[in-house]
Every structure is written in C-alpha cells, then in structure tokens.
Amino acid sequence: MVTEISTHDSTLRILRDDYINNTLPDAVNNTGGSYKVSARNEFTFYGCDMEATLVGVLDNTSRESVISRCATTCSESGQQAIYDADAKAGKLSKFCNGIGCCAAPIAGDSMPTRMHFTRIQVQQPINTSIQQPPPAVPISAYIAEEGWTEAGLPAVAAAVGSKICPGDVAGRLCKSEFSDCRRENPSGYTCHCKSGYDGNPYITGGCQDINECELPEVKGACFGECKNLAGSYECRCPRGTHGNHTLPNGCVKSITCLSIGIGIGSGASLIVLVAISIFMAHKLKHRRKVMLKRKFFKQNRGQLLQQLVSQQADIAERMIITVDELAKATNNFDKARELGGGGHGIVYKGILSDLHVVAIKKSKIAVQKEIDEFINEVAILSQINHRNVVKLLGCCLETEVPLLVYEFISNGTLYHHLHVDEPRSISWAIRLRIATEIAIALAYLHSSVLVPVIHRDIKSSNILLDDTLTSKVSDFGSSRYIPTDRTGLTTRVQGTIGYLDPMYFYTGRLTEKSDVYSYGVILVELLTRKKPFSYLSSKGDGLVAHFVSLLVEGNLAELLDPQVVEEGGEEVHEVAMLAASCIKLGGEDRPTMRQVEHVLEGLLATKTYGKDNMIVGTNEENCISMMKQTSEGQSTEETSRSYTMEREFVDSARYPR
C-alpha cells in the first residue's frame, strides 16, 4: 500500500505486511513486485543465534547478490533477547545491537528478491554445570525506513540517478518551466524542480519560487538585509552600513565625507551650546549667590543694629569679614580644619589673609533662635575687652546664620584638662588661679561694663585655656543684658543641667546670682574632679547635694580629689566654704562675684607671699562672715531643706514635667 509520494526527491513510501514472522525457512522469495529501495531503508532481523541475508538485484540486472546481512546471538554468557510483554503481536521494540536483534543498511539502487537464514553454532561456557537450550524466540525479518523498530512499518522505494534525460524526453515529461529531467535507469526518467523552486514539475507552472528569506536556516545566517531573488536570495548590509552580515551586529554605520562634515559641524555647535550653557549657569549661580549675600547682609546687619541702637553703631561696619575671606581661611570649611562642635555649631580653625590664626564658629542649623543667639553674642562681645574673656575679632553677615570670628585659644577647655583618664590632673595652684580668673571675668561682666551682662551658661566646657593655661570665658550665645535700673529679668530657662541655678529653673527669673550658682558648681568641680551633670552618690544625690551634705558632716575629704588634698593645704577648706556659699538655694544668700573675686585674690596673695589668712576689708569680712554662718550657724533643718530642694531640682530636670 502506497502511503506517500514525493516529487521532490522522486520517492514513494509503501506499507507492506508480508514480513517474515515465526518461521524459519531456508529462503523467502519476494513476491511483491519489482521496485527499488532507497538507501534510507535498513534490513532488520529478530531471532537467536542466526545470520540473516538479504539478496537482491543491483542496477536492474538479472544477477543476484547480497545487498544486506547481519547476525544475532542470545546464548553467550547466559544473555537472551528482551522483548515487550506483547512480543507475540509483533511489536518487538528494542535496540538492535546483535543480541536477539540485528539491523544492517541496504545497498542503494537495489531491488530485494529474497531473504536467507542460517543457524549459528555458539559455544557454551565451559564452567556451566547444566546446559541450557537456546531460548525460544519468535523469528521476524523486514525492510523498513531507518529508525523504525517495529514490523509492518513503511519502507521507502526510490531510484536515484544522475544521468541527464534526452531533450525530447525532458520536453514531453517535465512541463514546469523551472524543472529538470533525470534518468533513473535505462528505461525510467524523473522530473525535479530546480534549486530555489518547489512544487510539481510535471505540470505547467508547477515549480514555484521559494522565498528563502523566510526559511529558518537563512534567518539564522543573515543578520543584514535579506532580498529574495528568482531561485535564490541575497543577504547584504543595509544601505549606509558595512561589515559582516553573517554576524550579529556585524553591520556598522558607514562614515562618509558628508557625515564627517555634519558630525564636525554638529560637534562644534554642541560644544558652543554647552559652553554657553555652562557660562549662563555659572553667571546665574554667581548672581544668585550675590543676591543671597546682599539679602542676608541686610537682614543680619539690620538685626545687629537694632541690638546696638543706644550703643556703638559702627561695630557692624568695622568688624565685618566677607564669607569669601573665611572660606579661604578654612580651605572652604574643610572637615580637617574642625576644632570641635556642640549643640550650637561647629568651630573651625582658620588663618586670615593678615596671618592671624582664628577660630570661626558656624551654626549647624538656620533657625531664628540660632540667628538671635549669634547676633546677641556679637552685640555683647563687641563691647567687651578683657584678658579673661575670649575676644571677638569680627563677624560675617553674608550667610543665613552669621559666622563669628574669635581669637584662637590653643589649649582646649577646662573640662578636658580636669576630666582626663589619669590619677592626676592640673595642679591645685593652677586650679586656684583659674578659679580666680573666672571670678574676675564674671565680676567684670556683672559690674564693670556699660550694660551688665549675665552669661547664663557658665560651665567648665565654656572656659577656654591658652598656652599658659590662662582662662578665657567663652560662648555668649545665651547671655543677656540686665539694665542697671533692674535687678532681674524673667526669661525662658536656658542653661546646662548640673550647673543650672535651681531657683532660676523654678521661677524663670534670671539675676546675676544665677551666674554665681553656676560658678560655685565649677568650684566644686575643681575640688572634686567630678562631672556635675552625671554624678550620683550611692544614695542617689547629685554632686552639689552630696558636697553640701559631706561638708556639714565634716567628711568632705571623701569627695575631694586626692591631688587637691595632697597639694592644697588650708586654702582647700576656705575654697570649699566659698563654694558652699555660692551654691546656696536662695539667691539673696549668695555672695556677689566681686566678693568672690576678692576672697580668691586674698587666698592667692597669701599662697604667693606667705601673708596672714585674715583678709582686710568690709566686703571680705562680710563674705567670711557669710561662710562662717554656713559652716557653724546653719541649722540641720536648713541643710536638709537645701538637700531636698537640690534633689527635687535634679529629678525635675531628668524627668520632664
């Protein structure tokens, strides 16, 4: 039965059911008619220990010869053919490797005529005790297309030739314009469509042109522009490109004189446009910067002048330093130039054009509160000229928050000198001198300037020390003027916990005695080397409360710095008494800074020149009397009250109400 006819390769596929099965004849003749088989067929045989031979006629002659042969074995090493469960149905699916099944190619252009089978004698293993007979295996033999392993499947009949047909035969047989004739055997001819065409060559117009550009193999090899031609195709790089069209991205743009000229012209235009854009952007940026400088200068200068209405109004002009000068002095505010920073801002070290070394304070944030504090500091420090107060050299009003320029103090703060991780710190003599210098500076601020100033944030970290350990009071951002006709001022509470006056904290009323309290805490810090803002005794008392309690009990040595006890002598007790008078709960019970200054100068004079401990003078007598009352006449009830108020103050500061 014919299942398929192909005019393309002049073959037909037939299905025959006359294969050999379950028989073992000496020879089987071909009764199916005369046809040639294609070389794509193979001879397949199933059986055990047999040689199968396919005999046929070559080249359409009457002489027979062997056109295929193979052999099988099943008994060697006890092996046998393995078949499917339904082997009896003829579906013998397995690999034909010679064990129970074999397959061999068939000579092309041949006509099979018969099959021949011969039994093979296979020697059994010597050490086998019981001889097993060869297994009973069904016999099957057939011709089928390569790859098929079941009987009864199609075979391909073909005749492949290469000789050209006579002209009259080709004209009569092959009707299509694009066809060729080929002689397959002495008496047979076939027609084929020419290369690049496909269809039926036996009818007019039957061979049609193939569009090779749509074929997968062409698409995979042409990465340029594919053009279909009659019987062929052309692949090339698109116009304006060149390169290898057989490679992905192999076609690149061609550079021509015109494109070079356009490119050069475009490039030059682009460069000009970029240059103009950069110039305009730079000009706009510079103009915006100048406008901002003018805006900030006008705003800050006006605010500063308001602070100085009744004072020296020329300060805003004679102390002005430009922002460009300060940027140059600090290498554009380089991080390596930072000296330190705090809640208010960062301090940079800089060198001005006149080679003065300065400290420049720059605020971290731009809020009105910070601006107010900076302006306030300029207004206060511009009027002060004292050896124990840090000197303000100038200010910059061209930035959103003014920059302040101070004299450079090289030796850090009192806080860092006291609280070192070593058993000994600065000597008692130096501590006493520093305490005296701070008292002198505060007394000057309270009573010697045109309008008295309350610092409001006296603490050891705001006391700078120069190369000779001379003290300089700094950071006047929160300071306030107190008019001479007033004794105090109600303000929003500001200061540092541990140093802050409890009465000011509770009432909000700021007086010069608030600075006296903070100064008394510094005296306690100098005596004990304890940090006021973090110290807690075993009973939970703060530094001030614990100091007063031990002083009343006569056990102050427990809290004092051993170095002070060793070096101080009698004046340590007098300084402790002075500190106790400064940190009294009631502001009216505290001495003035001028009184404190006189007591300490008297102690320094006694220590330096060996004078009597008695200090002559009305103010000194009053101060000494005040200290004696603290040590001798203060009742237990009053001491307890001070202790209670101090503890309540510390707790209130720690836990917001």
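Residues numbered from 1 in each chain as written. Predicted model: local features only at pLDDT ≥ 70, side-chain atom pairs only at ≥ 80, totals over all residues. Heavy atoms only, no water.

Student: Quick question: what am I supposed to make of the overall build of the chain here?
Tutor: The number of helices and strands found in the chain is 16 helices and 31 strands. Burial analysis of the chain (657 residues in total) assigns 45% to the buried set. Put simply, of all contacts in the chain between residues at least 6 apart along the chain, 63% involve residues at least 24 apart. Roughly 35200 Å² of accessible area belongs to the chain as shown, and the carbon and sulfur atoms make up 54% of that amount. (Helix = DSSP H or I, 4+ residues; strand = E, 2+ residues; numbered from the N terminus. Buried < 20%, exposed > 50% of the residue type's maximum accessible area, 1.4 Å probe, protein only. Contact = heavy atoms within 4.5 Å. Areas by Shrake-Rupley, 256 points an atom, 1.4 Å probe, with all protein chains shown as cover.)

Student: Help me understand unusual backbone geometry in this model?
Tutor: Glycine aside, residues mostly have negative phi, and peptide bonds are mostly found in the trans state. The residue Asp49 is not glycine, and still its phi comes out positive at about 55 degrees. Looking at where Asp49 falls in the secondary structure, it is placed in the loop between β5 (41-46) and β6 (50-58). Owing to a relative accessible area of 4%, Asp49 belongs among the buried residues under this scheme. Its identity as a non-glycine residue notwithstanding, Asn332 has a phi of 60 degrees, on the positive side. Structurally, Asn332 can be placed in the loop between α5 (323-329) and β21 (338-341).

Student: Can you help me understand the nonpolar core in this one?
Tutor: When a protein is soluble and globular, its nonpolar side chains tend to lie buried together. Counting 73 residues, the largest nonpolar core has Leu414, Tyr519, Leu527, Phe547 and Leu600 as its most contacted members. It is helix α8 (residues 428-447) that provides the largest number of residues to this core, a total of 11 residues. Setting aside residues up to four positions removed in sequence, Phe547 forms contacts with Val524, Leu527, Leu556, Leu559, Ala576, Ala579, Ala580 and Ile583. (Core = buried A, V, L, I, M, F, W, Y, C linked by side-chain atoms within 4.5 Å.)

Student: Help me understand the pattern of salt bridges, please; the structure alone is not making it clear to me.
Tutor: Pairing between side chains becomes possible if they bear opposite charge and their charged atoms approach one another. By the definition in use, this model includes 12 salt bridges. For Asp457, the salt bridge is made with Lys459, and the minimal N-O distance between the two is 3.8 Å. Per residue, the accessibility class of Asp457 equals that of Lys459, and both read buried. Close ionic contact of Glu597 with Arg594 constitutes a salt bridge, the shortest N to O distance being 2.7 Å. Here Glu597 pairs with Arg594, and both are found in helix α14 (residues 593-609), just three residues apart, close to one helical turn. Overlapping salt bridges bring together Arg424, Glu566 and Glu567 as one network. (Salt bridge = Lys/Arg side-chain N within 4 Å of Asp/Glu carboxyl O.)

Student: Would you mind showing me how to read helix α13 (residues 571-582) here?
Tutor: Counting along an α-helix, one turn takes 3.6 residues, and residues three or four places apart therefore face a common direction. When the terminal C-alpha atoms of α13 are compared, their 16 Å separation across 12 residues agrees well with the 16 Å that a helix rising 1.5 Å per residue should span. Counting buried residues in α13 gives 10 out of 12 residues, a clear majority hidden from the surface. Here α13 has its buried residues at Glu571, Val572, Val575, Ala576, Met577, Leu578, Ala579, Ala580, Ser581 and Cys582. (Expected span 1.5 Å × (residues − 1).)

Student: Got a minute to help me understand the state of the cysteines in this structure?
Tutor: Covalently bonding the sulfur atom of one cysteine to the sulfur atom of another cysteine gives a disulfide. The tally for this structure, following the rule as stated, stands at seven disulfides. The partner cysteine of Cys70 in its disulfide is Cys102, sulfur to sulfur 2.0 Å. Residues Cys70 and Cys102 share a disulfide whose torsion about the S-S bond is about 55 degrees; that sign makes it right-handed. Residue Cys70 is located in strand β7 (residues 64-71), and its partner Cys102 is located in strand β8 (residues 101-105); the two are separated by 32 residues in the primary sequence. Owing to a relative accessible area of 9%, Cys70 belongs among the buried residues under this scheme. Covalent S-S linkage joins Cys193 and Cys207, the inter-sulfur distance amounting to 2.0 Å. Looking down the S-S bond of the Cys193 and Cys207 bridge, the torsion is -85 degrees, so its handedness is left-handed. Of this pair, Cys193 sits in strand β14 (residues 188-193) while Cys207 sits in strand β16 (residues 207-209), placing them 14 residues apart in sequence. For the pair shown, Cys193 and Cys207 are each scored as buried. Cys395 supplies the cysteine sulfur nearest to Cys396, a cysteine that is in no disulfide, at a spacing of 7.7 Å. (Disulfide = S-S within 2.5 Å.)

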